[in-house]
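Residue-level listing of the chains:
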Amino acid sequence: MNRPPVPDRRKSRPARPLDAALLDEMALGYVARFATSTGKLAAYLNRKLRERGWAEDSPVPPDVATIVARMADAGYVSDEGYARMRGASLRRRGLGARRIAQDLGHAGIAADLRDDALGSRQDARAAALALARKRRLGPFGPRDAEGRIEPALREKQVGIFLRAGHPLAMARALVDAAGEREAEDWVYEADD
């Protein structure tokens, strides 16, 4: 027995165009869900305006910068706080200063705030050590019977550090560390 096809009620209706109240509501919902910067919030709102358009009954579209400034004044968005939090998070993952600066630049963080978020020299070394532990590099990885790393593997490990944003000298120092204790001591030499 053949039944007639059932109409699909899940078909999405086109989203209604935005008005000032709905755009404010979207901005507030975004900052409530995500830790964000003013640049990322502005990009989100501009993207929503492109996707959905502006309501015909409101001839003048809103100034996104005004909405973002209002959210920042209310304390919902802080570039300084975002940069500090994101920089620390990326360091814990083992990323170096170059990659952290790139990430913060993509988020629209100003150069002076990016520099502050990079942390100290010891923080950078601790991030490199975290990467070495996580990826089993240098003293945490495989070695031959005499305690050496074969040259091809050494170059691959140095490349991993470089792609993570660490300087070449730092990568070589960690890969060439004789043991875990030497690598840990190297982190605290940065204070000297």
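Above this text sits the structure in question.
Scoring rules and cut-offs
- Residues numbered from 1 in each chain as written.
- Predicted model: local features only at pLDDT ≥ 70, side-chain atom pairs only at ≥ 80, totals over all residues.
- Heavy atoms only, no water.
- Helix = DSSP H or I, 4+ residues; strand = E, 2+ residues; numbered from the N terminus.
- Rg over C-alpha atoms; globule rule 2.2 N^0.38 Å.
- Areas by Shrake-Rupley, 256 points an atom, 1.4 Å probe, with all protein chains shown as cover.
- Lys, Arg positive; Asp, Glu negative; His and termini not counted.
- Charge placed at Lys NZ, Arg CZ, Asp CG, Glu CD.
- Buried < 20%, exposed > 50% of the residue type's maximum accessible area, 1.4 Å probe, protein only.
- Salt bridge = Lys/Arg side-chain N within 4 Å of Asp/Glu carboxyl O.
- Phe/Tyr/Trp six-rings, centres within 6.5 Å; stacked < 30°, edge-to-face > 60°.
- Expected span 1.5 Å × (residues − 1).
- Contact = heavy atoms within 4.5 Å.
- Patch = residues over 30% accessible without salt bridge, like charges linked within 9 Å, V, L, I, M, F, W, Y side chains within 5 Å.
- Core = buried A, V, L, I, M, F, W, Y, C linked by side-chain atoms within 4.5 Å.

(A) Seen up close, the overall build of the protein. Scanning the protein for helices and strands turns up ten helices and zero strands. Ordered by position in the sequence, the α and β elements of the protein form the string α-α-α-α-α-α-α-α-α-α. Rg of the C-alpha trace for the protein: 25 Å, well past the compact-globule value of 16 Å for 192 residues, more than 25% over. Its C-alpha atoms give the protein principal-axis dimensions of roughly 75 × 65 × 20 Å. Surface summary for the protein: the accessible area is close to 12,200 Å², and the carbon and sulfur share equals 51%. Of the charged side chains in the protein, 34 are positive and 28 negative, and the gap between their average positions amounts to 9 Å.

(B) Structural view of unusual backbone geometry. One non-glycine residue, Arg 136, lies in the positive phi region at around 55°. For Arg 136, the position within the fold is in the loop between helix H7 (121–135) and helix H8 (151–163). Judged by relative accessible area, which is 53%, Arg 136 ranks as exposed.

(C) Just the pattern of salt bridges, in detail. On inspection of all chains with the given rule, the structure shows eleven salt bridges. With a closest N to O distance of 3.7 Å, Asp 185 and Arg 181 form a salt bridge. Note that Asp 185 and Arg 181 are positioned in helix H10 (residues 180–188) at a spacing of four residues, about one turn of the helix. Note on Asp 185: relative accessible area 34%, which makes it partly exposed. You can call Arg 181 exposed: its relative accessible area is 59%.

(D) Spotlight on the packing of aromatic side chains. Under the defined criterion, the tally for this structure stands at two aromatic pairs. Note on Tyr 30 and Phe 34: the rings are 5.1 Å apart at their centroids and 50° apart in plane angle, and the pair reads as tilted. According to the relative accessible area criterion, Phe 34 is partly exposed, its value standing at 42%. Ring centres 4.2 Å apart and planes at 15° place the aromatic pair Tyr 30 and Tyr 44 in the stacked group. Residue Tyr 30 is located in helix H1 (residues 20–33), and its partner Tyr 44 is located in helix H2 (residues 38–52); the two are separated by 14 residues in the primary sequence. Judged by its relative accessible area of 12%, Tyr 30 is buried.

(E) Structural context of H1. For H1, which comprises 14 residues, the first-to-last C-alpha distance of 20 Å matches the rise-based estimate of 20 Å (1.5 Å per residue) to within 8%. Where H1 is concerned, the buried positions are Leu 22, Leu 23, Met 26, Ala 27, Tyr 30 and Val 31. Here the buried face of H1 lies against H2 and helix H3 (64–73).

(F) Seen up close, a positive patch on the surface. A cluster of like positive charges, contributed by Arg 93, Arg 98, Arg 99, Lys 134, Arg 135 and Arg 163, occupies part of the molecular surface. Put simply, the parts of the chain that give the positive patch at least two residues each are helix H5 (97–106) and H7. Turning to its location among the elements, Arg 93 is positioned in the loop between helix H4 (79–92) and H5. Using a relative accessible area of 43% as the deciding quantity, one classes Arg 93 as partly exposed.

(G) A look at the nonpolar core. In terms of nonpolar packing, the biggest core is built from 29 residues, with Leu 104, Phe 161 and Leu 174 touching the most fellow members. Elements represented by at least two residues in this core include exactly H4, H5, H7, H8, helix H9 (168–175) and H10. The contacts of Phe 161, once residues within four sequence positions are left out, are Ala 128, Leu 131, Ala 132, Leu 137, His 166, Ala 171, Leu 174 and Val 175. Counting 18 residues, the second-largest nonpolar core is a separate cluster that includes Leu 23, Trp 54, Val 64 and Ile 67.

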